[in-house]
There are 2 protein chains.
Amino acid sequence: MAQQPSIPKGTRDFTPSEMLKRNYIFDTIRSVYKSYGFLPIETPAMETMQTLMGKYGEEGDRLIFKILNSGDFKQSVEASDYANATSLSLANKFCEKALRYDLTVPFARFVVMHRNEIQLPFKRYQLQPVWRADRPQKGRYREFYQCDADIVGSDSLLNEVELIQIIDTVFAKFGINITVKLNNRKILSGIAEIIGEPEKIVDITVAIDKLEKIGIENVNAELLEKGLTQEKIAALQPILLLQGSNEEKFAKLKDILASSEIGLKGISELEYIFKMLQNVSLRSTLQLDLTLARGLNYYTGAILEVKANDVEMGSICGGGRYDNLTGIFGMPGLSGVGISFGADRIYDVLNQLDAYPNDTKEATKVLFINFGDAEVAYSMPIIASLRANGVACELYPDAAKMKKQMQYANDRKIPFVAIVGGDEMAQNKVMVKNMTTGEQSLVEKDSVLSFVE
Amino acid sequence: MAQQPSIPKGTRDFTPSEMLKRNYIFDTIRSVYKSYGFLPIETPAMETMQTLMGKYGEEGDRLIFKILNSGDFKQSVEASDYANATSLSLANKFCEKALRYDLTVPFARFVVMHRNEIQLPFKRYQLQPVWRADRPQKGRYREFYQCDADIVGSDSLLNEVELIQIIDTVFAKFGINITVKLNNRKILSGIAEIIGEPEKIVDITVAIDKLEKIGIENVNAELLEKGLTQEKIAALQPILLLQGSNEEKFAKLKDILASSEIGLKGISELEYIFKMLQNVSLRSTLQLDLTLARGLNYYTGAILEVKANDVEMGSICGGGRYDNLTGIFGMPGLSGVGISFGADRIYDVLNQLDAYPNDTKEATKVLFINFGDAEVAYSMPIIASLRANGVACELYPDAAKMKKQMQYANDRKIPFVAIVGGDEMAQNKVMVKNMTTGEQSLVEKDSVLSFVE
């Protein structure tokens, strides 16, 4: 009895037409990264449990896919211990390895392990899949690609400036109008400080982060629940509801945070980034957004997120500055800043905008019809020469009916069909049919290349 | 206490210089596949256990990396059942998913699931990593890339012919001299038939496969152990020791296999492939090798393996014809033929031959020295314009000492350094230093592009 095949939920196959679109996305991002001098690295799909666990919070630990030790893994847990063990404690015994959850932690691990082989500042890009045991839903997958670029070993804010230029260039190439929302963790710290709750910074940022999704009433309710007094919540309101141009926001914010050194530092960092970006012409809108917090705890400076202006979609790119990521692996004091493009969401946005360039749809240029061995023998050197000159060709493998072969050319959208029969062979020629116009031309054997190019 | 980071044994990080070499290999293979009209697909890293288990023999089942079910996996095995369970039976309960072991089985699964979206004959290529829990050793990894091309839905031997042309072209581009060893499973069946042991075909091919490694004495000993009589082993000797040109071997073989229909069919298939390949000029040596068996049981026709002539190394490419791979997934009668390049071994061969082209080592073309914000503001539009014209540039992010910045350019092998100070700004110019010659040139702001190109 044959199996009905399926794939694990939350994962996807990519057909050739989807691959061409995806490669267009990856190639575009990669080419821009390269033009800024970023270098590629790759890390293994599997990392040790020790490298991954505890880096993404409790929820993250649950969502990491763990790999069963090969061989007799059962030996590591006695039957008498099994009964009272939890699944998580068992996973820690049965598994030494897990699938990477993002590219940032593996990158930090890479920098520490290869510190003697790399030059600082080290600018790397990495385009690889990551795996998360999230509940699958529209636009959320259990296997998806991240496209990261990071610079480690430089505190300079020019790195932030260049990363925003990269974002601007990538989305300009895609033809997607975007808004880059910017904030700074230091400003958020300043806010927690001036309302007298510096130790509640995480609760406050988590609540603020939800402003757009759940509205101000619910954010205030959550802050109350987390133990902030009504008075302190009231003090937060002018900040949450700050309106106006970026300049106006900066001006008001300087007033509000006048007594917070760290808050003012955050403002001056962002002002510098905005100022330096005026040296180049950006297509994107830059927006100071104090409600932007970003979930990950390791950010310490500028943070950013990108939204498409013309399509309803979550963040399509994000990033920020982290001051001590490699510290957990024994290498403190190395500052980093990075961005990550969400290839899967960009794919959906480009589909909605129907914004793929036409040539991503084309592949084979000429199909040679197969009438039998003699004709094939005549065609083979012609085909070899076309391919050597960069023209993708196919020889139909079977001497099937002409109609079937032409149908294949049609289905595959192959623009030229080469027909070689006895007459063409006798004349040292090839009949070439342009499938768009329907026109047929009898072409010298040696001229097929210039004809189809 | 900081962790000492490590990666799982048998896996590898790839540094930028290794990535450039690897991408050269992948890009070369990909470009040749494309020139033959093959289309890209990708499948998920994880497949269901049902898809993978039982497809690679008992040994394969053991070597498949299994992924622990997320959530409360412990629920699926009662404590009372745990004591008597084996690790393998537990794995089947704890795990629904596993990492793919090769690209062929996922491809068969893909064809069956997408049969209504693809046109037959379907020519696909796929370059993705696979995972095996093999004991790591020199040249054998637990994560490695396969670079496969297959055609399904066509019985034509022209597919075999084109795959050999692909192999020839790829290794010509790499500058690696190779021998393509060819055999046919039907010939092996014919041999088993004429010595009167058709049901021992697997044992015989497994033993013959080891001829080169363990020598004729040991092969004969193994055959004896598997239950072949001395008489039958004697009958095998002329075949095992067949010498001469391909034509001589074919002639002798036709005599030996005269009474085996399937054996003669195998010979005539190979003769056709050799004949048709004479229509194009190949660089590679083609060799009929009756001791080539290839381990995988699903092959039914032509099989091939590639060896580098000038480097001691195992097979660097292999493949063959399989008549019923999709049958296990409920779609019988679809013939396929494919090849797979061993990217990791090719990497090692190219390293041994030092045969990488020079330009795989280069990345950033111009480093702009950073003297401070005013100079950076002047440089930014120049840099943006160079990048827009395809010239990879870097701006040193910190206004560090000149020496340190020059050292960075040296370490990174960046060929040009652009120096912008007060003088250059006053004259609307840029000082460009050629790092190879040491020469410095004062260049108009708008002429940097043509100067460094």
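All values derive from a computational prediction rather than experimental measurement. (Residues numbered from 1 in each chain as written. Chains lettered and ligands numbered in written order. Predicted model: local features only at pLDDT ≥ 70, side-chain atom pairs only at ≥ 80, totals over all residues. Heavy atoms only, no water.)

Our next topic: the packing of helix H10 (residues 211–225) of chain A against helix H11 (residues 230–240) of chain A. All names here are of chain A. Interhelical geometry of H10 versus H11 gives an angle of 155° and a closest axis separation of 8 Å. Relative to H11, H10 is oriented roughly antiparallel. Residues Leu-211, Ile-216, Val-219, Asn-220, Leu-223 and Leu-224 of H10 touch H11, and the partners they reach there are Gln-230, Ile-233, Leu-236, Gln-237 and Leu-240. Taken together, the residues of the contact of H10 with H11 sort by class into 8 nonpolar, 3 polar and no charged. (Axes fitted to C-alpha atoms, helices over the stretch in contact; angles between N-to-C directions. Helix = DSSP H or I, 4+ residues; strand = E, 2+ residues; numbered from the N terminus. Parallel < 35°, antiparallel > 145°, perpendicular 65-115°, else oblique. Contact = heavy atoms within 4.5 Å. Nonpolar A, V, L, I, M, F, W, Y, C, P; charged D, E, K, R; others polar.)

Now for the pairing of strand E7 (residues 178–184) of chain B. All names here are of chain B. Of all the 7 residues making up E7, 7 are buried; the element is thus mostly covered by neighbouring parts of the structure. On E7, burial covers both faces: Ile-178, Val-180, Leu-182 and Asn-184 on one face and Thr-179, Lys-181 and Asn-183 on the other are all buried. In this sheet, strand E9 (residues 302–308) lies alongside E7 in antiparallel orientation, the contact comprising 7 bridges. Bridged to Thr-179 within E9 is Lys-307. Pairing of E7 with strand E8 (residues 285–288), which is carried by 4 bridges, proceeds in the parallel orientation. Each bridged residue has a counterpart across the sheet, and for Lys-181 the counterpart in E8 is Gln-287. (Buried < 20%, exposed > 50% of the residue type's maximum accessible area, 1.4 Å probe, protein only. Pairing = 2+ DSSP bridges.)

The next thing to look at is the packing of aromatic side chains. Each aromatic ring pair is described using two quantities: the centre-to-centre distance and the angle formed by the ring planes. Per the stated rule, a full pass over the model turns up 38 aromatic pairs over all chains. Site record: aromatic cluster; members linked through ring pairs are A:Tyr24, A:Tyr33, A:Phe38, A:Tyr125, A:Phe171, A:Phe174, A:Phe341, A:Tyr347 and A:Tyr356. Looking at A:Arg387, its charged tip hangs above the ring of B:Tyr36, at a distance of 3.4 Å from the centre. Over the aromatic face of B:Phe107 sits the side chain of B:Arg124, whose NZ or CZ is 4.0 Å from the ring centroid. (Phe/Tyr/Trp six-rings, centres within 6.5 Å; stacked < 30°, edge-to-face > 60°. Lys NZ or Arg CZ within 6 Å of the ring centre and 35° of its normal.)

A word on the pattern of salt bridges. This model, assessed by the stated rule, comprises 40 salt bridges over all chains. Notably, a salt bridge pairs B:Asp150 with B:Arg124, separated by 2.8 Å at the nearest N-O pair. You can see B:Asp150 sitting in strand E6 (residues 143–152) and its partner B:Arg124 sitting in strand E5 (residues 122–131), a full 26 residues away along the chain. Each of the two residues, B:Asp150 as well as B:Arg124, counts as buried. The residue B:Glu197 makes a salt bridge to B:Lys200 at a minimum N-O spacing of 3.9 Å. Relative accessible area serves as the criterion here: at 8%, B:Glu197 is assigned to the buried category. When salt bridges that share partners are traced, they join A:Lys123, A:Glu162, B:Arg387, B:Glu394 and B:Arg412 into one network. (Salt bridge = Lys/Arg side-chain N within 4 Å of Asp/Glu carboxyl O.)

Let's shift gears to the interface of chain B and chain A. It is common to report an interface's size as the accessible area lost on association of the parts. Between chain B and chain A, the contact holds 107 residues from the first and 108 residues from the second. Note on chain B versus chain A: buried area summed over both sides is about 9,100 Å², and carbon and sulfur give 62% of it. The interface formed by chain B and chain A includes 6 salt bridges. With its nearest N and O atoms 3.5 Å apart, the salt bridge here joins B:Lys123 to A:Glu394. Here chain B is connected to chain A by 40 residue pairs in polar contact (both at pLDDT 80 or more). Taken together, the residues of the side of chain B that touches chain A sort by class into 57 nonpolar, 25 polar and 25 charged. (Buried area = accessible area lost by both parts, 1.4 Å probe. Polar contact = N/O pair within 3.5 Å; in protein donor to acceptor, adjacent residues only side chain to side chain.)

Let us now look at the domain arrangement of chain A. The assigned domain composition of chain A is domain 1 (9–170), domain 2 (177–309) and domain 3 (362–452). The straight-line distance from the C-alpha centre of domain 1 of chain A to that of domain 3 of chain A is 45 Å. (Domains from an automatic or database assignment.)

Let's shift gears to the pairing of strand E9 (residues 302–308) of chain A. All names here are of chain A. By the criterion of burial, E9 is predominantly enclosed, with 6 of the 7 residues buried. When E9 meets strand E10 (residues 317–322), the two strands line up antiparallel, connected through 4 bridges. Its bridge partner being in E10, Ile-303 is matched across the sheet by Gly-320.

Another aspect to go through is the side chain of A:Arg109. As for its placement among the helices and strands, A:Arg109 is situated in helix H6 (residues 104–113). When sequence neighbours within four positions are dropped, the list of residues in contact with A:Arg109 reads A:Thr43, A:Pro44, A:Glu47, A:Thr51, A:Phe329, B:Pro5, B:Ser6, B:Ile7 and B:Asp13.

This part covers the relation of the copies chain B and chain A. Once chain B has been moved 0.0 Å along the axis and rotated by 180°, it coincides with chain A to within an RMSD of 0.0 Å. Taken together, these values place the two copies in the relation of a two-fold axis. In terms of proximity to the rotation axis, the leading residue of chain B is B:Ile67, whose C-alpha is 2.2 Å off the axis. Interface overlap between copies is the fraction of interface residues in one copy that are interface residues in the other; for chain B against chain A it reaches 100%, indicating a shared surface. (Least-squares fit on C-alpha atoms with pLDDT ≥ 70 in both.)

Another point: helix H8 (residues 185–194) of chain B. Residue and element names in this part refer to chain B. For H8, a buried count of 7 out of 10 residues is recorded, marking the element as mostly surrounded by other parts of the structure. Listing the buried residues of H8 in full gives Arg-185, Lys-186, Ile-187, Leu-188, Gly-190, Ile-191 and Ala-192. Lining the buried residues of H8 we find E7, helix H9 (201–209), helix H11 (230–240), helix H12 (246–256), helix H13 (261–277) and E9. Its side-chain oxygen 2.8 Å from the backbone nitrogen of Lys-186, Asn-184 forms the N-cap of H8.

With that settled, consider the confidence of the model for chain A. Residue and element names in this part refer to chain A. Averaged over all residues, the pLDDT of chain A equals 92, while 98% of them reach at least 70. Within chain A, the lowest mean pLDDT, 80, falls on helix H9 (residues 201–209), and the highest, 98, falls on strand E2 (residues 46–48). For this predicted complex, the interface score ipTM comes out at 0.90, while the overall pTM is 0.91. (pLDDT = per-residue confidence, 0-100.)

For B:Val105, the position within the fold is in helix H6 (residues 104–113). C-alpha separation for the pair B:Val105 and B:Val161, spaced 56 residues apart in sequence, amounts to 23 Å.

On to the state of the cysteines. Residues and elements named next belong to chain B. One pass over the structure, following the stated rule, counts 0 disulfides over all chains. Distance from the sulfur of Cys-147, which forms no disulfide, to the nearest cysteine sulfur (Cys-317) is 9.4 Å. Judged by its relative accessible area of 2%, Cys-317 falls in the buried class. (Disulfide = S-S within 2.5 Å.)

A separate point is the sheet that holds strand E16 (residues 440–444) of chain A. All names here are of chain A. Strands sit in the order E13-E12-E14-E15-E16 across an open sheet of 5 strands; the sheet is mixed. Edge positions in the sheet fall to strand E13 (393–395) and E16, since each has one partner strand and no second. In this sheet, adjacent strand axes meet at a mean angle of 25° when their direction is disregarded.

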